[in-house]
Amino acid sequence: MDLIHNLSIGFGVALTPLNLAYCFLGALLGTLIGVLPGIGPIATIAMLLPVTFTLPPVSALIMLAGIYYGAQYGGSTTAILVNIPGESSSAVTTLDGYAMARRGRAGPALGIAAIGSFFAGCVSTVIIALFAPPLAEVALKFGPAEYFSLMVLGLVGATVLAHGSLIKAIAMTLLGLLLGLVGTDVNSGIARFSFGISELSDGIGFVGVAMGMFGFAEVISNVDQTETREVFDTSIKNLLPTWADIRKCTWTVIRATGLGSALGILPGGGALLASFAAYAMEKKIVGSDGEFGRGDIRGVAAPESANNAGAQTSFIPLLTLGIPSNPVMALMIGAMMIQGIAPGPQVMTERPQLFWGMIASMWVGNAMLIVLNLPLIGLWVKLLTVKYRLLYPAILIFCAIGVYSVNNANFDILVTSLFGLLGFICVKLECEPAPLILGFILGPMMEENLRRAMLLSRGDPTVFATRPISAGLLVVALGLIGLMMAPAFKKTREEAFQE
Amino acid sequence: MQIKNGKDFWSGLMFMAFGLGFSIVAYNNYNMGSAVRMGPAYFPVMLGALLTVLGAVIFGRSFASSIQHSIRVFAFRPVVFLIACVCGALAYYLRGHNDFLYSLALAATLIVGQAAFGTRALYIVLASVVVFAFVLKPLGLLLATALLVIISRIPDADFRWGELPKAVIFGVVVIAVYAAILAGLQGVVGVGRASAIAMVVAIAGAIFGARRVPGTELGALFAILGVFSVAVFGHGLGLPFNACPDVLDDACRKIGLGS
C-alpha cells in the first residue's frame, strides 16, 4: 500500500516536536486572524514570508498552511456571534449562524461549525493523499497547451460561481489578466505598461491588489455604514449540538465536504467559492422543509464544512501543477520559491518528505483546531467585543505593514490605496472583485503558456482542440458557459445568489 | 435614449476605458509579432479588444435594462478630479528634479484623486494610508502609525477634535514609558526581551489609563499599535523598519530603537 507508506512518511515528519510546534503556531495564529474581521491570511502570510526564510522548508510551509485553514475555523465564530464574516469565506454562515445565535442557539451553531470543519478537514486530507499522486502523474504529461486550457477552465469556473452579472464577472477577469501583465515581459525584456515608473517594472504586487480590493474596500464600507454590532456572549453555554441536530446535518456535512473538495481542486476554486456553492446547493436540496435564513443548522454546517474542504484541496493544484488557485496559494508559491523549491509535479517525487509532511500536518492541525476552538471560545468572544472603531485602524496598519514588507517599498502601499479605490468603485457598481484577483494571478502564466503552445504548434491554434487533455478541459469550460446561458440555469443561479 | 441602469452605465464605461487604454498603449509601443512568435503587444491587445467589446455590451445594456439604478451611483466630483490631474502633471514635471516636492505632488495627486470619488469615509481612510506610505521612512514607524490612526478616525462618528490634544499627550506618555523601559532593560536582558517586556507594560498601562481617563482612547490606540508594531514586527520578526524619525536616529539607536 503506497498510500499508507506515504502517509507514514508524512506523519513521521509532521509529528516531530519542531513541526508540531509550528503547526500549532500556525493554527493558533490562523484562528486569531480568522476571528478578527478584516485581517485575513493574506496580510498575515505576507508579513511572515520574510521570516520563513530562516525556517526549514517543511516547518515553514506547515505553519503557513495552518494559518490558512485555521482562519476558516476562526471566521465562523465571528460570523455566528457578530453577523459579520471574520473571513470572506464565512460570509454565508452569517445568514443562518447569526439567526441561530439570536434564537439562543449560538452554542450548537459554533459546535456544528467546528465539527463540520473537522470532518471536512479529515476527509479532504485523505482526498489530497489519494488524488494528488495520480494528478501529478497526469501533470507530468501536461504541455503548455494543457496548462493554458486548464487556466481557462479555472477562470471560467470562477466567473460562473461569482455573484451577479456573468458578463461583468468575465470583464473583471479580463481586467485582472491585463493588470497582471504590467511589468517586465519575460520573453522580450520590455517593461510593459510601466510608464517609466521603475517600481512598476517588477509588476504590481498581488498582495497589494488583494488587500486593497478586499481589505480596504471592506473597511471603507464598514466605516461608511456605522452600524451597531451586537455580540452574543452570554448565551453560549452548551456547545454540543443535540442528536437531532447531528442527524439532520450528517448528510449535509458529507455533501458539502464533497462539493467543497471538488471546487477546491479546480484552479480558481478554494474556500470562498466552496462555501457559497455549498449553501446554495443545500438550500436547493432541502427545499421547503428547511428554514434557511431563519436559523437552520444546516445553513451553518454546509458552508463551514465546504470552506474547510475547499481550503485544503486548493493545495492540490498548487502541489501538483504549480498553479495557484487564489491569492493565498500564490503566496505559498512565494514561500516555496524563497526556500528554493519550484512548485510543480516534481515536488512529490523529489521531496516526498515535504509533500507528505505537509499533508499529514493538515490532519494534525485540524485535530489541534477543534481542541483549540471549542474550549477557548470564551477567549475569542472576548476579542470580538472590541469596538470596530478601535479595530479598523489596526486593520489598516497591519495591511499597510504587510504590503510594505513584501518588497520594503512604500510604493506598494500607494498601489494598495489605489486598489482600495477600485475595490470601492467595484462594490458600488456591483462588479465582483474575486475574478479580477484570480485573473491577475494567472495573467502572466497564461500568456507564457499561450506563447509556448503557439510556438510549438507553429502558429496553429487548433492545437488546443487536437490534444485530448486540452480539448477535454476546454469542452468542460465551454459547457459551463453554455450552462450559464441556458435560461433555466440562469434563473436558478440568480435565486441561489439572492442573499 | 434614457439611461436606466446607472451601475451598468459606469461599469461599461470603466471597462471600455481600461480595454482601450491597454490595447492602444500596447499597440503603439510594443511589437505585435505574429501568432507563432507573439510579441509583447499580442496578448494585451487581444485581451484589451475583448474587454472593450464586453464593456460596450454592458454600456449598451444600461439603456435597455429592466433593472433601475440611479446614474449617481457614487458622488463623482469632476472639479476635484481636474485638480488631481493638475497635481499629477506637476508630479510628472517634478520627477527627478526635486524629490521632496515630487513626493508632495504625488501624495496630493493620490489624495485629491481619491477624494473625487465618493464619500468622506472613502477618501479620508485612503488618505491616511497614503500619508502613512510617505512618512514611514522619514518619520519612522511610531509617528507614521500615530498619523494613520488619527487621520483614519476622523470620519468615525465618535471622533471629537477637542479630545485630540489630550489623546496625543496620553499616547506620547505611553510611548515614552515603552522607550524608557526598553532603554533601561536592554543592557540586562537583551533588546528582544526588553522590547517584549516594555511592550506588555506599555500596553497594559495604556488600557488601564484609557479606561479611567475619558477622551484618551485614541491616544491609547495609536500608542498600543505603534509599540506593538515596533516590538513585534521590528524586534520580533526583524522587518527592516525605522522606529524613530531619521533625524533622531543616533539618539534612538542608544535605547535600542535604531534601524
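Rules used throughout
Residues numbered from 1 in each chain as written. Chains lettered and ligands numbered in written order. Predicted model: local features only at pLDDT ≥ 70, side-chain atom pairs only at ≥ 80, totals over all residues. Contact = placed C-beta atoms within 7 Å. Helix = DSSP H or I, 4+ residues; strand = E, 2+ residues; numbered from the N terminus. Nonpolar A, V, L, I, M, F, W, Y, C, P; charged D, E, K, R; others polar. Core = buried A, V, L, I, M, F, W, Y, C linked by C-beta atoms within 7 Å. Buried ≥ 20, exposed ≤ 12 C-beta atoms within 10 Å, placed from the backbone. Domains from an automatic or database assignment. Axes fitted to C-alpha atoms, helices over the stretch in contact; angles between N-to-C directions. Parallel < 35°, antiparallel > 145°, perpendicular 65-115°, else oblique. Left-handed = near helix turned anticlockwise from the far one by under 90°.

Asks: Looking at this structure, how should I read the interface of chain A and chain B?
Replies: Often, the extent of an interface is quoted as the loss of accessible area upon association of its parts. Taken together, the contact pairs 54 residues of chain A with 61 residues of chain B. Breaking the side of chain A that touches chain B down by element, the ones donating at least two residues are α3 (41–52), α8 (166–180), α9 (206–225), α18 (388–407), α19 (410–428) and α20 (433–456) of chain A. Here the element with the most residues in the side of chain A that touches chain B is α18 of chain A; it accounts for 11 residues. Of the residues contributing to the side of chain A that touches chain B, the split by class is 35 nonpolar, 9 polar and 10 charged.

Asks: Help me understand the nonpolar core in this model?
Replies: Nonpolar side chains tend to gather and get buried jointly when the protein is soluble and globular. Core analysis: the largest hydrophobic core is formed by 266 residues, its most contacted members being L64, I80, A109 and A400 of chain A together with F132 of chain B. Look past the residues within four positions of F132 of chain B in its chain and what remains in contact with it is A400 and I413 of chain A together with A144, L147 and L148 of chain B.

Asks: For this particular structure, what's the right way to read the domain arrangement of chain B?
Replies: Once the domains are mapped, chain B shows domain 1 (6–61), domain 2 (78–141 + 148–153) and domain 3 (161–254). Summarising the inter-unit geometry, the C-alpha centres of domain 1 of chain B and domain 3 of chain B are found 50 Å apart.

Asks: Sorry if this is basic, but what is going on with the environment of A46 of chain A here?
Replies: Residues and elements named next belong to chain A. The topology assignment puts A46 in helix α3. The spatial distance from the C-alpha of A46 to the C-alpha of L3 is 33 Å, given a sequence separation of 43 residues. When neighbours within four sequence positions are excluded, A46 is seen to be in contact with V207, L331, G402, V403, S405 and V406.

Asks: Can you help me understand α3 of chain A in this one?
Replies: Owing to its 3.6 residues per turn, the α-helix aligns residues three or four sequence positions apart on the same side. All names here are of chain A. For α3, the buried fraction is high: 10 of the 12 residues fall into the buried class. If you check which residues of α3 are buried, you get P41, I42, A43, T44, I45, A46, M47, L48, L49 and T52. Here the buried face of α3 lies against α2 (17–35), α4 (57–82), α9, α14 (327–338) and α18.

Asks: Explain the packing of helix α6 (residues 106–140) of chain A against helix α12 (residues 298–313) of chain A here, please?
Replies: When two helices pack together, their arrangement is given by the angle between the helix axes and by the axis-to-axis distance. Residues and elements named next belong to chain A. At a closest axis distance of 8 Å, the pairing of α6 and α12 adopts a crossing angle of 30°. Of the possible angle classes, the one that applies to α6 and α12 is roughly parallel. Handedness of the crossing formed by α6 with α12: right-handed. When its residues are assigned to classes, the contact of α6 with α12 shows 11 nonpolar, 9 polar and 1 charged.

Asks: Whenever I open this one, the packing of helix α5 (residues 120–153) of chain B against helix α8 (residues 217–236) of chain B confuses me. Can you help?
Replies: Residue and element names in this part refer to chain B. Two numbers describe how α5 lies on α8: the axes approach to 9 Å, and their chain directions differ by 140°. Taken together, the axis directions place α5 and α8 in an arrangement best described as oblique. In the crossing of α5 with α8, the sense of the turn from one axis to the other is right-handed. Facing L141, L142, T145, A146, V149, I150 and R153 of α5, the residues of α8 in contact are L218, L221, F222, L225, G226, S229, V230 and G234. A breakdown of the residues in the contact of α5 with α8 according to their chemical character gives 10 nonpolar, 4 polar and 1 charged.

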